[in-house]
There are 4 protein chains.
Amino acid sequence: MAVNKSVAGLFSGPKTCFLRKLSGSASSRLDLSGIFAPIPTPFNSDESLAFDKLEHNLGVWQKIPLRGYLVQGSNGEFKLLKDDERVEMVRRSRHFISKDKLLLAGSACESTRATIEMSNLMADAGADAVLIINPCYYKSAMNEETLLKYFWRVADECRVPVVLYNMPANTGIDLSVPLITKLAKHPNIAGLKDSGADVGKMAQVVHTTKGLGFQVLSGSAGLLLPALVVGCVGGINGFANTNGAELCQLISLFKEGKLEEAGELQRKIMHPNALITRIWNVPATKAVMDAGGQLYGGPCREPLAPVTKEQLKTLIEAFVKEGFLPKPK
Amino acid sequence: MAVNKSVAGLFSGPKTCFLRKLSGSASSRLDLSGIFAPIPTPFNSDESLAFDKLEHNLGVWQKIPLRGYLVQGSNGEFKLLKDDERVEMVRRSRHFISKDKLLLAGSACESTRATIEMSNLMADAGADAVLIINPCYYKSAMNEETLLKYFWRVADECRVPVVLYNMPANTGIDLSVPLITKLAKHPNIAGLKDSGADVGKMAQVVHTTKGLGFQVLSGSAGLLLPALVVGCVGGINGFANTNGAELCQLISLFKEGKLEEAGELQRKIMHPNALITRIWNVPATKAVMDAGGQLYGGPCREPLAPVTKEQLKTLIEAFVKEGFLPKPK
Amino acid sequence: MAVNKSVAGLFSGPKTCFLRKLSGSASSRLDLSGIFAPIPTPFNSDESLAFDKLEHNLGVWQKIPLRGYLVQGSNGEFKLLKDDERVEMVRRSRHFISKDKLLLAGSACESTRATIEMSNLMADAGADAVLIINPCYYKSAMNEETLLKYFWRVADECRVPVVLYNMPANTGIDLSVPLITKLAKHPNIAGLKDSGADVGKMAQVVHTTKGLGFQVLSGSAGLLLPALVVGCVGGINGFANTNGAELCQLISLFKEGKLEEAGELQRKIMHPNALITRIWNVPATKAVMDAGGQLYGGPCREPLAPVTKEQLKTLIEAFVKEGFLPKPK
Amino acid sequence: MAVNKSVAGLFSGPKTCFLRKLSGSASSRLDLSGIFAPIPTPFNSDESLAFDKLEHNLGVWQKIPLRGYLVQGSNGEFKLLKDDERVEMVRRSRHFISKDKLLLAGSACESTRATIEMSNLMADAGADAVLIINPCYYKSAMNEETLLKYFWRVADECRVPVVLYNMPANTGIDLSVPLITKLAKHPNIAGLKDSGADVGKMAQVVHTTKGLGFQVLSGSAGLLLPALVVGCVGGINGFANTNGAELCQLISLFKEGKLEEAGELQRKIMHPNALITRIWNVPATKAVMDAGGQLYGGPCREPLAPVTKEQLKTLIEAFVKEGFLPKPK
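As annotated in an unreviewed UniProt entry, chain A carries the name 4-hydroxy-2-oxoglutarate aldolase, mitochondrial and is attributed to Cloeon dipterum. Under the Sequence similarities (unreviewed entry) heading, UniProt states for chain A: "Belongs to the DapA family." Listed under Subunit (unreviewed entry) in UniProt, the entry text for chain A is "Homotetramer."

Any chance you could explain the packing of helix H10 (residues 239–255) of chain D against helix H11 (residues 259–279) of chain D here in plain terms?
Relative placement of two packed helices is described by the angle separating their axes and the distance separating the axes. Residue and element names in this part refer to chain D. Viewed as axis vectors pointing N to C, H10 and H11 meet at an angle of 160°, and their least axial separation amounts to 9 Å. With respect to their mutual orientation, H10 and H11 come out roughly antiparallel. Pair H10 / H11 crosses with left-handed handedness. Contact with H10, carried on its side by Phe239, Thr242, Glu246, Leu247, Gln249, Leu250, Leu253 and Phe254, involves Leu259, Glu261, Ala262, Leu265, Gln266, Ile269, Pro272, Asn273 and Ile276 of H11 and no other residues of that element. Partitioning the contact of H10 with H11 into residue classes produces eleven nonpolar, four polar and two charged.

Is there a simple way to think about the nonpolar core in this case?
Side chains of a nonpolar character, in soluble globular proteins, are inclined to be buried together. Core analysis: the biggest nonpolar cluster contains 480 residues, and Phe214 of chain A together with Phe214 of chain D have the highest contact counts within it. Residues in contact with phenylalanine 214 of chain A, not counting those within four places in the same chain, are Arg29, Leu164, Ile180, Ala184, Ile189, Ala190, Gly191, Leu192, Val205 and Thr209 of chain A.

How should I be thinking about the arrangement of the chains in this particular structure?
Regarding chain A and chain C, which are not in contact, the minimum distance between any of their C-alpha atoms is 17 Å. Chain B shows no contact with chain D. Their nearest C-alpha atoms sit 17 Å apart.

Explain the packing of aromatic side chains to me, please; I cannot follow it from the model alone.
Aromatic ring pairs are described here by two measures, namely the spacing of the ring centres and the angle between the planes. Under the definition given, this model contains 24 aromatic pairs over all chains. Here the aromatic rings of tyrosine 137 of chain A and tyrosine 138 of chain A are separated by 5.0 Å at their centres, their planes lie at 90°, and the arrangement is edge-to-face. The exposure class assigned to tyrosine 137 of chain A is buried, which follows from its relative accessible area of 2%. Through pairs of rings, three or more aromatic residues link up here, namely Phe78 of chain A together with Tyr137 and Tyr138 of chain D. Seen from the ring of phenylalanine 51 of chain A, arginine 92 of chain A lies directly overhead, with NZ or CZ sitting 4.0 Å from the centre. Lying over the aromatic face of tyrosine 296 of chain B, lysine 53 of chain B brings its terminal NZ or CZ to 4.8 Å of the ring centre.

I'm lost on the sheet that holds strand S1 (residues 34–39) of chain A in this one. Help?
Two orientations exist for strands paired in a sheet by backbone hydrogen bonds: parallel and antiparallel. Residue and element names in this part refer to chain A. Pairing is parallel in the closed barrel, where eight strands are placed in the order S1-S2-S3-S4-S5-S6-S7-S8. Recorded for the sheet is a direction-independent mean angle of 25° between the axes of neighbouring strands. Taken together, the two bridges between strand S7 (residues 215–218) and strand S8 (residues 234–236) define a ladder with parallel strand orientation. Residue pairing across strands places serine 218 opposite glycine 235, the latter belonging to S8. Where helix H8 (residues 199–208) meets the sheet, it contacts strand S5 (162–166), strand S6 (189–194) and S7, and its direction lies at approximately 165° from that of S7.

Explanation requested: the relation of the copies chain C and chain D in the structure shown.
For these two chain copies, the linking operation is a rotation about an axis paired with a shift along it. Once chain C is rotated about the relating axis by 180° and shifted along it by 0.0 Å, it coincides with chain D to within an RMSD of 0.0 Å. Within this description, the copies of the chain are treated as partners about a two-fold rotation axis. Within chain C, proline 226 of chain C has its C-alpha nearest the rotation axis, a separation of 2.2 Å. Most of the interface of chain C is mirrored in chain D, where 100% of its interface residues are also at the interface.

Where do I start with the interface of chain B and chain C in this structure?
Many authors give the size of an interface as the accessible area that is lost as the parts come together. Taken residue by residue, the interface counts 42 residues in chain B and 43 residues in chain C. The contact between chain B and chain C buries some 3400 Å² in all, and 52% of this surface belongs to carbon and sulfur atoms. Taken together, the links from chain B to chain C amount to eight salt bridges. A salt bridge links glutamate 47 of chain B to arginine 113 of chain C, with the nearest nitrogen and oxygen atoms 3.8 Å apart.

I'm lost on the pairing of strand S1 (residues 34–39) of chain B in this one. Help?
For a regular strand, the rule is simple: side chains alternate between the two faces of the sheet. All names here are of chain B. In terms of burial, S1 is largely enclosed, as six of its six residues are buried. Bridge analysis of S1 against strand S8 (residues 234–236) gives three bridges, and the strand direction is parallel. Bridging across to S8, phenylalanine 36 finds its partner in isoleucine 236. Relative to strand S2 (residues 68–71), S1 runs parallel, the two being bridged by four bridges. From the neighbouring strand, proline 38 faces S2, where its bridge partner is leucine 70.

Just to check I follow, could you spell out helix H5 (residues 144–157) of chain D for this structure?
An α-helix turns once every 3.6 residues. As a result, residues three or four positions apart point the same way. All names here are of chain D. For H5, built from 14 residues, the straight-helix expectation of 20 Å at 1.5 Å per residue is met to within 8% by its first-to-last C-alpha distance of 20 Å. Buried residues dominate H5, accounting for ten of its 14 residues. Taken as a whole, H5 has its buried residues at Thr146, Leu147, Leu148, Tyr150, Phe151, Trp152, Arg153, Val154, Ala155 and Asp156.

Whenever I open this one, the packing of helix H4 (residues 112–124) of chain C against helix H5 (residues 144–157) of chain C confuses me. Can you help?
Residue and element names in this part refer to chain C. Running from N to C, H4 and H5 cross one another at 30°; their axes reach a closest spacing of 10 Å. Like other packed secondary-structure pairs, H4 and H5 cross with a definite hand, here right-handed. On the side of H4, the interface is formed by Thr112, Thr115, Ile116, Ser119 and Asn120, while H5 contributes Tyr150, Arg153, Val154 and Glu157. Of the residues belonging to the contact of H4 with H5, the class tally is three nonpolar, four polar and two charged.

How should the sheet that holds strand S6 (residues 189–194) of chain C be read in this particular structure?
Residue and element names in this part refer to chain C. Reading around the barrel, the eight strands line up as S1-S2-S3-S4-S5-S6-S7-S8 and close back on themselves, with parallel pairing between neighbours. Across the sheet, the mean angle from the axis of one strand to that of its neighbour is 25°, orientation sign disregarded. Of the pairings in the sheet, the one linking S6 to strand S7 (residues 215–218) comprises four bridges and is parallel in character. If you follow aspartate 194 over to S7, its bridge partner there is serine 218.

Explain the interface of chain C and chain D here, please?
Each partner contributes residues to the interface: chain C has 27 residues there, and chain D has 27 residues. With both sides pooled, the region where chain C packs onto chain D buries about 2100 Å², and carbon together with sulfur makes up 66% of that total. Broken down residue by residue, the surface that chain C buries against chain D is led by His207, Val229 and Arg267 of chain C, which jointly contribute 29%. Here the side of chain C that touches chain D gets nine residues from one element, more than from any other, and that element is helix H11 (residues 259–279) of chain C.

How do you make sense of the UniProt feature "active site" (unreviewed entry) in chain A when you look at a structure like this?
UniProt marks Tyr165 and Lys193 of chain A with the feature "active site" (unreviewed entry), using the numbering shown here. A maximum C-alpha distance of 4.9 Å is found for the annotated residues, which run over 29 residues; spatially they form one tight group. With a relative accessible area of 4%, tyrosine 165 of chain A lands in the buried category. For tyrosine 165 of chain A, the residues in contact, after removing those within four places along its chain, are Ser74, Leu131, Ile132, Ile133, Asn134, Leu175, Lys193 and Ser195 of chain A together with Tyr137 of chain D. Only 2.9 Å separates the side chain of tyrosine 165 of chain A from the side chain of serine 74 of chain A, close enough to count as a polar contact. Positionally, lysine 193 of chain A belongs in strand S6. On the accessibility criterion, lysine 193 of chain A (4% relative accessible area) is buried. For lysine 193 of chain A, the residues in contact, after removing those within four places along its chain, are Leu70, Leu131, Val163, Leu164, Tyr165, Asn166, Leu217, Gly219 and Ile236 of chain A.

Reading the values: the criteria
- Residues numbered from 1 in each chain as written.
- Chains lettered and ligands numbered in written order.
- Predicted model: local features only at pLDDT ≥ 70, side-chain atom pairs only at ≥ 80, totals over all residues.
- Heavy atoms only, no water.
- UniProt positions renumbered as here; feature names shortened; annotations may be inferred.
- Axes fitted to C-alpha atoms, helices over the stretch in contact; angles between N-to-C directions.
- Helix = DSSP H or I, 4+ residues; strand = E, 2+ residues; numbered from the N terminus.
- Parallel < 35°, antiparallel > 145°, perpendicular 65-115°, else oblique.
- Left-handed = near helix turned anticlockwise from the far one by under 90°.
- Contact = heavy atoms within 4.5 Å.
- Nonpolar A, V, L, I, M, F, W, Y, C, P; charged D, E, K, R; others polar.
- Core = buried A, V, L, I, M, F, W, Y, C linked by side-chain atoms within 4.5 Å.
- Buried < 20%, exposed > 50% of the residue type's maximum accessible area, 1.4 Å probe, protein only.
- Phe/Tyr/Trp six-rings, centres within 6.5 Å; stacked < 30°, edge-to-face > 60°.
- Lys NZ or Arg CZ within 6 Å of the ring centre and 35° of its normal.
- Pairing = 2+ DSSP bridges.
- Least-squares fit on C-alpha atoms with pLDDT ≥ 70 in both.
- Buried area = accessible area lost by both parts, 1.4 Å probe.
- Salt bridge = Lys/Arg side-chain N within 4 Å of Asp/Glu carboxyl O.
- Expected span 1.5 Å × (residues − 1).
- Polar contact = N/O pair within 3.5 Å; in protein donor to acceptor, adjacent residues only side chain to side chain.

Dropping the structure here:
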């Protein structure tokens, strides 16, 4: 396999070791195609972790043909949990999730060594793969070379496959196509979740990584169909927490070539999805989960504030209007 | 027809007058579906307008099943021409373009009165419709209400249909979905060219303007297929200046349901297209036109600088690699 | 004089010619120290130019120890006037302004040739110097080399001195310190009006252009004192249209070393100034001029909308609170 | 004392408790005037904490008339340390710092509860006050109301005074003047470190918080003199790690009214300071510390990469040129 020269040899110890463990051939990569729910972390009213609610929710989602779950992503409030809580969320989730579903775990920290440590703790706790967002606090220092080295070393030392996570709205950094293309050559990097708004970039990545088995997932349900049509294999979408069945249906319609119906469904998703992702975020997802009656949403950890009554009304109207929530009686 | 209340009555004179001229029903709107080439303005070496080269180029493009042409858009260096030159470009182009092709003319100025005057001069010179970009110099003053009033009044007083033009990379302003949705109710506003990177926004606009006959066109060839799949009707794409046939083919593949081939073609377009649009702009388009041997590219007006030798080499390699330029002998 | 090598020889004709006209030594540069009012363009209710109101206003401002006036800057709505109107505003203003006051004229267009032509027309109409903002529509093409060539050539061919104008909030482009430093070596470039928010950048430019006679002016009254303390020579400030006397006083306090009083005055200026510049812009300046009772503000050209009643109330309260408008009776 | 109504009563328990501990009058606020060094965290070559080097460095800095130190700010790589390491850095520093110097500790975490816990742990470890940067990962949720509640509650429950920390370049969020003005009314919020580039904003805050004893510190040495002249009381500046004596001298020159000398010194600081803050960041600070020969810089924690040889050369030249490093023999 062609290895990018600028990093080859940088970490000779771990890499050699790593290559013994993994086959490194594209064909052996984890199959990421389908829809993943990036599940929220349920809290009790005192902000402690509510594992009983976690079990309940995963039981409900189990009936949907999801490919798997992302535990401790942005929707999982990973930035608001303590290190041990993050690992515990993965361990408990693994216990409640059936074996045929993939468990991706969000394991990124700001330092390289902490990310490696957290990734392997989560692997030990049952994660099939880890999702790694780039460090972002020292923005001006996060140039392409630094990010390449960061992800390459983490992938080298992590015991399960790595999925890159690009989330420019939260990090203020947009992983470039050349950077992703170089990283796609690492045998332990399986794919990318792109939560940027530019589906053209996803198309470029699919093109530049052709033949490597590298898989691109749309980070937004609002771009799922456009992403599929340019070659992405699925999505990790907050909207799957409230309406996973509809996203699985969208993939089916696409596969069956029913483009008109698919387009119609995609358009109906746009506004409700925007409300619970870009606009009002995690508290809104939890509010819609509560409103649906089947799932537990509950509070977020502060500083995330609950939606206001007015926002809740708008949310419910938007979901009901497009048929994503039953009409309130 | 439902008229937005916040502007109803603002321009009672012209609007009443206008409503007599147009039917106002969605069915009567101009059909904008297909590919438009936003043609560059050919200059002689002294930066004067080269109408003979214009005639030559339009003769070449005539063989491609384009829906029409945009004269004096961003690719036409409209900001670098004098007012009378802008109108003359429309007049001459109309003369060289066959009747069955639509001629859209870029008529925007920064002031409302100048835009109205220019629009009607271009209509008199043969434009079938005008493309209007928002004023952008006084950014902080260009709130939704001001932009609504601007476009509404221009549409009221313009003798041909108006197409909205959203180009955030150049203007620093992104026309919002609510604004576009309100404007779509004006009977003389036929559609939108969106040159933003977010195809999700195009999907939203298609959804919120359903039933109005309002048509959305992708401003970037890099988003053409994703745009089509969410309900857009075509594109006004700089890439059509160098490779219009391929874009028409992409639409055909989409209509025939050949999604795999369409996806492959879309991905091949990404990088060459980025080079002549986002990255190196109009001078790069002209350089590729010259390199192809059939069209006249020529110089841009200063301050736009010609591509460097190194950039030209990269350009040609990128186009040749994907089969969009013949291999140099 | 050391001439930047990358542009030397580019325009040998005009430059040689130019060097005969100007001495090129720093000592001969125009003295720009003091306060300039960037006067608004007065319109009648039908948006035609109101030269009688122009004469009236200049008569009022004449009593203030301003260094001079900027005619056709951003506050002068230069983007909303026709070419001939722009020149006529300079001609008339020159007629009404006494000889001892400098008249700077905003002459920039998007194309190099149009800017040169406009600059010389304005020089003929009586401008002592021209203020040139960078072209900004084709943002991605406006790299340092292109902008260097643009300003250098304009300065070469312009019959009066050039003042650079950096206005990132409106243009989306921030002229860099290295670029300005190179341009400062041109004998016909006298200085810079910096309307950016970073006074540290002004300090850097003062430092890198030391000994060249190049002068930096603050574009915002809100940064006048900080700018003076790092070595700027004055300001071209929208606030001078409504409260020029106070800005002249601020300069006096600074020169007399009365820093505490100067600081107090500077702080009082902040909020009212922000309202009529960054926040509500030209229409707010005109509204405060009208409210003061001595000057004519009048309407702006559309799309610039008049301030609302509520905004007017806030404006007047803010100016009255800090003593910049008399209390309404 | 006037308490902002929108948050009054929100945290009645802790606040009442808090008011017993603090007098709440402006006069009792901590005096923050002067220069603080935001010290870097020294690491051994294996990235472990090097407390011996910490002791050494603090011994060197002790000879400079600094007001105090910020331990675990951005320059202290706080985002790259484990929670217990952060507290230990404070504990050890307190041990090495003399009693007459203030020790500010950077205690922010993303969740409210973690920030409160960390703040009190650091207070117990010897911090005189804590510096709190706003949470920033969930950007779209961090509106003014949420941030107000966050800081207010932390200030309520923290056993030592709180200093707000605005750092838009790293967080992507700029704390607004109205928000800061409201927070300034909390008796346990002593001031603000503003690391934004807009000294006009600092002027506004000084004006709107007049009489409250609220103190504003410039976060950048590049804006120190402009900040002083508009009413700030000092700075917390990365440049103090390498050249604290010069910053203390700048304050002296300002106090003595020697503005010309002060301006000259300020301008000399600009470029070297930009290199070790905005441009190359913490690794550059450490490199200059090593180059000076007196202090220990050492490596950063990954992903922060050491400066390249070329960057080091540029750094040393820039510091030597302005007299901030002795000439290498």
